[in-house]
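Residue strings, one per chain:
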Amino acid sequence: MADALSIESLAFRWPGQQHNTLSIDRLQLPAGSSLFVRGPSGSGKSTLLNLLAGVLVPTEGVIQVLDQPLSQQPGKQRDRFRADHIGYIFQQFNLLPYLSVIDNVMLPCRLSRRRHQKALSEAESLTAAAGDRLTRLNIPESLWLKRVSALSVGQQQRVAAARALMGLPELVIADEPTSALDQDNVDNFMDVLTGQCQALGSALVFVSHDRHLARWFDQELELDAPAPSRNEAVS
Amino acid sequence: MNWIRLALASLWNRRTTALLTLGMVALSLSLLLTVDRVREDTRASFSNTLSGTDLIVGGRTGALNLLLYSVFRIGNATNNISWESYSDLSRNSAVAWTVPLSLGDSHRGYRVIGTTTDYFEHYQYGRNQALSFNSGEPFDDVYDVVLGAEVAAVLDYRPGDELVVAHGLGSTSFANHDDKPFTVVGILNATGTPVDRSVHVPLEGITAMHVDWQQGIKLPGLSISADEARTMDLTPESVTAVLVGMKSRVQTFSFQRLINQYRAEPLSAIIPGATLQELWQLIGIAENALIAVSFMVVVTGLLGMVTVILAGLNERRREMAILRALGARPGHILGLLMLESGLYGVAGLLAGLLLHWGVIALASIWVQGTYGIQLTLALPSPSLLMVLAGFIGLAFLAGLLPGWKAYRQSLSDGLTAST
């Protein structure tokens, strides 16, 4: 299978700024494998995630996601691509408070026909597919119809992971999803997230400042503190 | 599709604010709807009151005043027409019929009309509908009385009952013609016009009541009983106004000129339709002011709604970021907010219509009784429907403002909204 991600001489600079917020010479992530991106705040982690998700475009260089030159596509296509191929997990507050747990999980399939069809190819119905994801992430069935506010933070993050994995996206991006969790919950979350990404064949890009998490990943990328210096990919 | 469901769920999540906003929009629209309905119904009610009468003749006075006191029982006559002049004009060869009206007395707040039986034959309202009797028949005797539908219903009179007429107008009077009671002989069907609120007696009855009165007070020491009065000459000295039907419509204008130049006495003759137009022009100014105010209230409602959506936007940055992460385009975010704004408009219109109908249903009872104007529960007039369609469009367009802000916000926030 092709690469989930490949980056070539990437640089990003906010308009009006003199220094690059982010620069990466070269990065390659095979399909289905996982990457840990570490760096202190201000090192461009968020920028990288926005670039990978196609919300931002690089100032220089090329980002290919699933062998598609994402960085060279128009905005509308990048948004479509994100809906179809990428699952995204935020640091916190991932879920829409006005939908039930299971409706939140089904949301990606309502916004992407491709993921809707993929979900239906693995289960009888959307609800069944969502139930499968929730079960995989250890959310008991008694919570599925509950409002999001009834869940603990740890449970909410696992629901967010279930949603990210809905409809078999080729790439899952996680933006410090463990920062609000206590240590026990972190281990639990990391186990199920990396385990299920592997089981379902989704590549995972995971950003955190917590170096202890590196052991769950195949590859590691270290971003430096904000300075006009170069970053290097370490594998 | 799914966006509508999302917009609805999101609104439901903010339902206190949403319901208050909806109430604001609904209230502003119901004001516009109600003002317009009252305007339409008032016009209809005025236009329907008199038909088939070519001219109204009275003592020299303003055209509007003559129309108001003779037909709508509003205001008072300043001058009367002498019986000689009345007889003279009714004998004119161009005149088909005349109905004399003598006003000035009342019964428990309802005006008493002295007239002849020609009234029941020639008075027409609406689309040339004649008066008809619910029970009984036209008056025959001097002391007979025929009641309008509302008078009979409210005061619970039946044929055979007796009533006493008060001198002057007003619902309580200290000067009553209680020595000459009248007997109810007929009750008219409802017409939706001031006729319903009128008490009709023969001209002779009016004269009989006043034989022992002078200058509005009962002459002390002089008392003429009802039966004694019968034997006297009860031809009235004057009448207040005369409804005139011409043999041919073509003669209306020349006859009007004739009366306006009448030598023996200063008289006025008006064409009811033309004078009604004058009334509309006068009322039109006030109406337009009311409509303008209603429009401003609707615009204020829209502005309020946009303000509420704008104010809530910051708290919803998370929501927008989540939708963006799931693949929503900035255009989707813009659309979502326009949809929300439009939903306020549509739901506000529906709620406003219901509120308007509720208000009309409740108010119509009181308005009918007090002003004799029948308010109808109906769809808005075609021209107002166009305005309402425009309002819905405007409600969606108003979403452009918060939509544009959210669009900019979601572009700059990307997936990393920190709030």
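Novice: It is not clear to me how the overall build of chain B should be interpreted in this structure. Could you clarify?
Specialist: Check the secondary structure of chain B and you find 14 helices and 16 strands. A compact globule built from 419 residues should have a C-alpha radius of gyration of about 22 Å, whereas chain B, at 31 Å, is more than 25% larger. Overall, the C-alpha framework of chain B stretches about 105 × 45 × 35 Å when taken along its three principal axes. In chain B, which comprises 419 residues, the proportion classed as buried is 39%. The long-range share in chain B, meaning contacts at least 24 apart out of those at least 6 apart in sequence, stands at 79%.

Novice: Would you mind showing me how to read the confidence of the model for chain A here?
Specialist: Predicted coordinates in regions of low pLDDT should not be interpreted in detail. Here chain A averages 84 in pLDDT, and 95% of its residues register 70 or above. Confidence drops under pLDDT 50 across residues 228-235 of chain A; counting only partners more than four residues distant or on other chains, this segment forms 18 contacts.

Novice: What should I look at first to understand unusual backbone geometry in this one?
Specialist: Leaving glycine out, the prevailing phi sign among residues is negative, and the prevailing peptide bond configuration is trans. All names here are of chain A. Look at Ser9: it is not a glycine, yet its phi comes out positive at around 35°. Note on placement: Ser9 falls in strand β1 (residues 3-12). Judged by the 12 C-beta atoms lying within 10 Å of it, Ser9 falls in the exposed class. For Leu168, which is not glycine, the phi dihedral falls at a positive 45°. With respect to the secondary-structure elements, Leu168 resides in the loop between α6 (153-164) and β7 (171-175).

Novice: When you look at the domain arrangement of chain B in this model, what are you seeing that I'm missing?
Specialist: Accessible area lost when the parts come together is the quantity often used to give the size of an interface. Taken as a whole, chain B is organised into domain 1 (2-46 + 284-413) and domain 2 (55-270). Taken over C-alpha atoms, the centre of domain 1 of chain B sits 51 Å from the centre of domain 2 of chain B.

Novice: Whenever I open this one, the environment of Ala406 of chain B confuses me. Can you help?
Specialist: All names here are of chain B. With respect to the element layout, Ala406 can be found in helix α14 (residues 400-413). Owing to 25 C-beta atoms within 10 Å, Ala406 belongs among the buried residues under this scheme. Along the chain, Ala406 and Phe72 lie 334 residues apart, while their C-alpha atoms are 59 Å from each other. Once you skip the residues sitting within four places of it in the chain, Ala406 turns out to touch Leu313, Met320, Ile333, Leu334 and Leu337.

Criteria and thresholds
Residues numbered from 1 in each chain as written. Chains lettered and ligands numbered in written order. Predicted model: local features only at pLDDT ≥ 70, side-chain atom pairs only at ≥ 80, totals over all residues. Helix = DSSP H or I, 4+ residues; strand = E, 2+ residues; numbered from the N terminus. Rg over C-alpha atoms; globule rule 2.2 N^0.38 Å. Buried ≥ 20, exposed ≤ 12 C-beta atoms within 10 Å, placed from the backbone. Contact = placed C-beta atoms within 7 Å. pLDDT = per-residue confidence, 0-100. Domains from an automatic or database assignment.

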